[in-house]
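Spelled out, the chains give:
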Amino acid sequence: MKIAIIGTGYVGLPSGVGFAELGNEVCCIDNNLQKIEKLQNGELTIYEDGLQELFERNLQNGHLRFTSSMREGVENADLIIIAVGTPPHPITKEADLQYIEAAAEELAQFLNKYTVVATKSTVPVGTGDKIEQIISRINSKAEVDVISLPEFLREGFAIHDFFAPDRIVVGTESIRARKLIAELYKDFTTTKILYVNRRSSETIKYASNAFLAVKLNYINELADFCEKAGADIDEVAAGMGADSRIGHKFLRAGPGFGGSCFPKDTNAMSFMAHQFGISMPLIDTTIAENEKRQLSMAERILSHTTTDSAQIAVLGLAFKNGTDDCRTSPAINIVKEMLKHNRNISVYDPKAMASAQTLLGNEVTYAENAYQAVEKADVVTILTEWNDFKLLNWEKIANLMNQRIVVDLRNILDEKILLQAGFKYYRIGKKM
Ligand code: NAD
Ligand code: UGA
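Residues numbered from 1 in each chain as written. Chains lettered and ligands numbered in written order. Predicted model: local features only at pLDDT ≥ 70, side-chain atom pairs only at ≥ 80, totals over all residues. Heavy atoms only, no water.

**Re the pairing of strand β5 (residues 115-119)**
Each regular strand carries side chains that alternate between the two faces of the sheet.
Then, number 1: The element β5 is extensively covered by neighbouring structure, given that five of its five residues are classed as buried.
Then, number 2: Alternating positions in β5 separate into two faces, Thr115, Val117 and Thr119 on one and Val116 and Ala118 on the other, with burial throughout.
Then, number 3: Pairing between strand β4 (residues 79-82) and β5: four bridges, direction parallel. By the bridge assignment, leucine 79 is partnered in β5 with valine 116.
Then, number 4: Between the parallel pair β4 and β5, the chain is carried across by helix α5 (residues 98-108), and the sense of this crossover is right-handed.
Then, number 5: Looking at chain direction, β5 and strand β6 (residues 144-148) are connected through five bridges and run parallel. Paired with valine 116 across the bridge in β6 is aspartate 145.
Then, number 6: The handedness of the β5 to β6 crossover, carried by helix α6 (residues 127-138), is right-handed. (Buried < 20%, exposed > 50% of the residue type's maximum accessible area, 1.4 Å probe, protein only. Helix = DSSP H or I, 4+ residues; strand = E, 2+ residues; numbered from the N terminus. Pairing = 2+ DSSP bridges. Right-handed = clockwise from strand over helix to strand, strands pointing away.)

Structure representation (structure tokens):
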């Protein structure tokens, strides 16, 4: 199948590589010329576990190509996937559809045969109708089905999630479009494919992200409860998760959820609800509490310092492990909050140094490795759950530091090792 993907970011790139690996002829389009040039030269533009090998193979065998020309990518495609960003509006926080609308306007000119246009970007309910209207306004002869094909991949697991999704949701009532999508996923014999109407599909995407965000807010609230009650959040989560109706996933307490999606999509859902004349207090509370939590985490770290010039070493800047993405990262928010009170912060992340630098500028000291970051530090804090941090030599770190205090906001380190090395070790959701 000939597939064009518009938008070559955290969704478009792994998806393009995945569809190419399945044997399709994939052309990825992006209007960021620098990005396209790098990709054409065989250089990845994001870090994503497991992507490199598949990218190189499909570039070499010709299944995958990159262009900045909409015409070149879209002409003669059987399927066009829209995967451009839908960032939050800076004031209203609704999903900003300018990139979707621009992509629809541009692609419409080049439709010359029956084509399915599938929206993988996360878009407000009713966006499929808008795209349809744009296309028919610009190219009234276009033979097209506009469908919703929401993406559920997680960063850091994008390749795994592409090849082994929990489900595939297809939002269209067109039999012809459903047949084309069935053909696209013909090798996914064990995956449930749900065919629903377009608005249900658009809703499923927001509903799923908002549900997971509420679950995370709940486990974080429980962590606060455990700290007061003398319970242990990891034990409580294990006990709750063993109930199959609750499940073990998404019960890791932390500094609050972040990333380019949960904060954005909960806000967009709340905005849509208000537009429909209803309110969703559960979601509104989740948004507010999650923002408050990150500020309180900054206070928590600072409470372990005695002066404003104490040195704080931050390990982890990405919003989660397995990615270099720092968009709406709790780690970045926490560092920014701490900077209001303390200007002596050194940082290190195994993959996200470049993207963090675009957000933190020269406000912090960037270390080349974890050992350099902790030199002479009074407090070390873990803000991203990288495996690398578990494998550090904590005896060595103890000797490099000024004081031996670790505030682990991801509960990933081995308490025994830390105590043996002489640290005071503070975690989330445990008795203080
Ligand atoms: P991104 O910012 O990484 O990538 C978007 C890309 O689109 C950019 O490279 C940009 O240059 C390009 N672009 C914008 N307008 C264009 C145009 N008119 N023509 C060609 N290229 C254009 O964004 P992302 O993280 O990949 O997210 C894309 C969408 O997918 C969003 O709606 C997001 O909510 C959704 N989503 C993201 C994830 C995730 O894990 N990041 C998962 C599921 C769904
Ligand atoms: C999330 C969803 O999991 C994907 O299904 C969805 O496709 C995607 O958003 C999207 O729409 O963009 P992602 O943002 O990549 O994926 O990352 P998650 O693994 O969901 O983590 C989100 C945040 O929650 C991170 O800050 C992470 O550290 C935090 N988290 C997650 C916890 O604090 N505890 C957990 O148990 C799980």
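**Section: the site of ligand 2**
Then, number 1: As a matter of local geometry, ligand 2 sits amid 20 residues, with Phe152, Leu153, Glu155, Lys205 and Cys261 nearest to it.
Then, number 2: Lysine 205 is positioned with one of its side-chain polar atoms (N or O) 2.7 Å from an oxygen atom of ligand 2.
Then, number 3: Taking 700 Å² as the accessible area of ligand 2 by itself, protein coverage stands at 93%.
Then, number 4: Of all the elements in the fold, those that place two or more residues in the shell around ligand 2 are α9 (198-229) and α11 (262-275).
Then, number 5: Here the element with the most residues in the shell around ligand 2 is α9; it accounts for three residues.
Then, number 6: Residue composition of the shell around ligand 2, by class: nine nonpolar, two polar and nine charged. (Near = heavy atom within 4 Å. Polar contact = N/O pair within 3.5 Å; in protein donor to acceptor, adjacent residues only side chain to side chain. Areas by Shrake-Rupley, 256 points an atom, 1.4 Å probe, with all protein chains shown as cover. Nonpolar A, V, L, I, M, F, W, Y, C, P; charged D, E, K, R; others polar.)

**Some remarks on the site of ligand 1**
Then, number 1: In the vicinity of ligand 1, 26 residues are found, and the nearest of them are Asp30, Lys35, Thr86, Glu155 and Lys264.
Then, number 2: Residue aspartate 30 places a side-chain N or O atom 2.6 Å away from an oxygen atom belonging to ligand 1.
Then, number 3: Within the side chain of lysine 35, an N or O atom sits 2.5 Å from an oxygen atom of ligand 1.
Then, number 4: Alone, ligand 1 offers 830 Å² of accessible surface; in the complex the protein occludes 90% of this.
Then, number 5: Its residues placed into classes, the shell around ligand 1 shows nine nonpolar, 10 polar and seven charged.
Then, number 6: Mapped onto the domain boundaries, the shell around ligand 1 takes at least three residues apiece from domain 1 (2-196) and domain 2 (198-432). (Domains from an automatic or database assignment.)

**Quick notes on the packing of α11 against helix α12 (residues 281-302)**
Then, number 1: It is at 10 Å that the axes of α11 and α12 come closest, and there the two elements cross at 145°. For α11 against α12, the interelement crossing comes out left-handed. Together, Thr266, Asn267, Met269, Ser270 and His274 of α11 and Ile283, Asp284 and Ile287 of α12 make up the contact between the two elements.
Then, number 2: Residue classes in the contact of α11 with α12 are distributed as three nonpolar, four polar and one charged. (Axes fitted to C-alpha atoms, helices over the stretch in contact; angles between N-to-C directions. Left-handed = near helix turned anticlockwise from the far one by under 90°. Contact = heavy atoms within 4.5 Å.)

**Details of the layout of surface pockets**
Then, number 1: Put simply, the second largest pocket is a space of about 210 Å³.
Then, number 2: In terms of lining, the second largest pocket is formed by 15 residues, of which the most central are Pro124, Val125, Lys130, Met272 and Gln275.
Then, number 3: Secondary-structure elements contributing two or more residues to the lining of the second largest pocket are α6 and α11.
Then, number 4: At four residues, α11 tops the list of elements feeding residues into the lining of the second largest pocket. (1 Å grid on protein atoms, 1.4 Å probe; cavity = no way out; pocket = protein on both sides within 12 Å on 5 of 7 lines; lining within 4 Å. Points joined across faces, edges and corners; volume = space filled by probe spheres on them.)

**So, the pattern of salt bridges**
Note that side chains of opposite charge can pair when their charged atoms are close.
Then, number 1: This structure, assessed with the given rule, holds 27 salt bridges.
Then, number 2: As a salt-bridge pair, lysine 120 and glutamate 151 come within 3.0 Å of each other at their nearest N and O atoms. Of the two residues, lysine 120 is situated in the loop between β5 and α6 and glutamate 151 in the loop between β6 and α7 (158-163); the sequence distance between them amounts to 31 residues. Residue lysine 120 shares its accessibility class with glutamate 151, and that shared class is buried.
Then, number 3: Connected through shared salt-bridge partners, Asp129, Glu132, Arg198 and Arg199 make up one network. (Salt bridge = Lys/Arg side-chain N within 4 Å of Asp/Glu carboxyl O.)

**Describing the packing of α9 against helix α10 (residues 233-241)**
Then, number 1: Where α9 meets α10, the axes come as close as 9 Å, and the angle between the chain directions of the two elements is 130°. With respect to their mutual orientation, α9 and α10 come out oblique. Seen along the crossing, α9 lies across α10 with a hand that is right-handed. Contacts between α9 and α10 involve Tyr218, Ile219, Leu222, Ala223 and Cys226 on the former and, on the latter, Ile233, Val236, Ala237 and Met240.
Then, number 2: The residue makeup of the contact of α9 with α10, split by class, is nine nonpolar, no polar and no charged. (Parallel < 35°, antiparallel > 145°, perpendicular 65-115°, else oblique.)

**Topic: the nonpolar core**
Then, number 1: Residues Leu315, Leu317 and Trp394 are the most contacted members of the largest nonpolar core, which totals 61 residues.
Then, number 2: Of the residues forming this core, the biggest block, six residues, is contributed by helix α13 (residues 330-339).
Then, number 3: Beyond its immediate chain neighbours, meaning those up to four positions away, leucine 315 contacts Tyr348, Ala370, Ala373, Val380, Thr381, Ile382, Leu383, Thr384, Phe389, Leu392 and Trp394.
Then, number 4: Of all hydrophobic cores here, the second largest spans 36 residues; its members include Tyr10, Ala20, Cys28 and Phe188. (Core = buried A, V, L, I, M, F, W, Y, C linked by side-chain atoms within 4.5 Å.)

**Considerations on the sheet that holds strand β11 (residues 365-366)**
Then, number 1: Across the sheet, which stays open at both edges, the six strands sit in the order β11-β10-β9-β12-β13-β14 with parallel pairing between neighbours. Among the strands making up the open sheet, the edge pair consists of β11 and β14 (424-427).
Then, number 2: Strand direction decides the pairing type here: strand β9 (residues 312-315) and strand β12 (residues 379-382), joined by four bridges, are parallel. Directly across from leucine 315, in β12, lies its bridge partner isoleucine 382.

**Here's the deal with the environment of glutamate 43**
Then, number 1: Tracing the backbone shows glutamate 43 in the loop between α2 (33-40) and α3 (51-60).
Then, number 2: Counting along the chain gives 12 residues from glutamate 43 to phenylalanine 55, while the straight-line C-alpha distance between them is 9.2 Å.
Then, number 3: With residues near it in sequence (within four places) discarded, glutamate 43 still touches Lys38 and Phe55.

Functional significance is not addressed by these values, which are geometric in nature.
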